[in-house]
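Take a look at the letters that make up each chain.
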Amino acid sequence: MADYTEMYEEQTDITQQQERHYYLLSELQSLVKDLPSSCQQRMSHTILSDLALALIDGTVFEIVQGLLEIQHLTEKNLYNQRLKLHSEHRAQRSSAIMQAHNMSVLKASQQRELEALEQRIKEEQRMMDEKIVLELDQKVIDQQSTLEKAGVSGFYITTNPQELTLQMNLLELIRKLQQKESLATNMYS
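Reference entry: report on the structure contained in this document. Fair warning: this is a prediction, and the values are worked out from it, not measured in the lab.

### A short note on the overall build of the protein chain
Phase 1: Along the backbone of the protein chain there are six helices and zero strands.
Phase 2: Its helices and strands in sequence order give the protein chain the pattern α-α-α-α-α-α, from N to C terminus.
Phase 3: Scored against the burial criterion, the 189 residues of the protein chain give a buried share of 28%.
Phase 4: Within the protein chain, counting contacts between residues at least 6 apart in sequence, those at least 24 apart form 70% of the total.
Phase 5: Per element, the accessible surface of the protein chain, about 12900 Å² overall, is 55% carbon and sulfur.

### Observations regarding the pattern of salt bridges
Phase 1: For the structure shown, the criterion picks out nine salt bridges.
Phase 2: For Glu124, the salt bridge is made with Arg120, and the minimal N-O distance between the two is 2.8 Å. With a gap of four residues between them, Glu124 and Arg120 both fall in helix H5 (residues 108–149), about one helical turn apart.
Phase 3: Under the relative-accessibility criterion, Glu124 is labelled partly exposed at 25%.
Phase 4: Residue Arg120 is classed as partly exposed on the basis of its relative accessible area, which comes to 36%.
Phase 5: Across the pair Glu130 and Arg126 runs a salt bridge, and its minimum N-O distance is 2.2 Å. Here Glu130 and its partner Arg126 are both found in helix H5, four residues apart, which amounts to about one turn of the helix.
Phase 6: What makes Arg126 partly exposed here is its relative accessible area of 38%.
Phase 7: Three or more residues joined by partner-sharing salt bridges are found here, namely Glu123, Arg126 and Glu130.

Calculation rules
- Counting from 1, residues in each chain are numbered in the order their sequence is written.
- It should be noted that, the model being predicted, local features are given only for residues of pLDDT at least 70 and side-chain atom pairs only at 80 or more, the latter also being counted only at that level, while totals for whole chains, interfaces and linings use all residues.
- With hydrogens and water set aside, each side-chain value is computed from the structure's full complement of heavy atoms.
- Counting from the N terminus, the helices are the DSSP runs of H or I reaching at least four residues and the strands are the DSSP runs of E reaching at least two.
- Only protein chains enter the accessibility calculation, which uses a 1.4 Å probe; a residue whose area is less than 20% of its type maximum is buried, one above 50% is exposed, and one in between is partly exposed.
- Contacts are residue-level and defined by heavy atoms, with any inter-residue pair within 4.5 Å sufficient.
- Per-residue accessibility takes into account occlusion by the displayed protein chains alone, with areas from the Shrake-Rupley method and a 1.4 Å probe.
- Whenever Lys or Arg places a side-chain nitrogen within 4 Å of a carboxyl oxygen from Asp or Glu, that contact is recorded as a salt bridge.

Any functional reading would require information that these geometric values do not contain.
Have a look at this one:
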């Protein structure tokens, strides 16, 4: 009797997983219709079916949410670093200009110092911008790797713009489906 109960529960689990898979696949197919036609063409039934399978237990939703939070914190941190650098540069410029105004005639050496300051500021800003781009690129690689390891179809480390666009669209589908499920859960609880 215990064997029969276990078989029945196992069959029920399989049936529930199949129903959830069909539901998620249907929802993904519906959401794909909102994407530009060029993106829709790249979203094959196989990709969507594999994505639906990966989403069944909700783990991928949690992973994507965690990655999104990390990305937002990183972006905020980098933005604040850039603002701080900009503020420091503004203070340095103001100080240099005040010194120049305190003298009736701007000497050639002071003019060179001011030009050197402007050049240094420009170089520091360029270096900061490069650092930001590199750090954001690394976040993309980290996200791709995490989602690939989680078994999410379509994710692997790449810099190919078309593949990145596909991955961004897949993430958008996951996010929208997560929001939809969250709203449904909140309505019924």
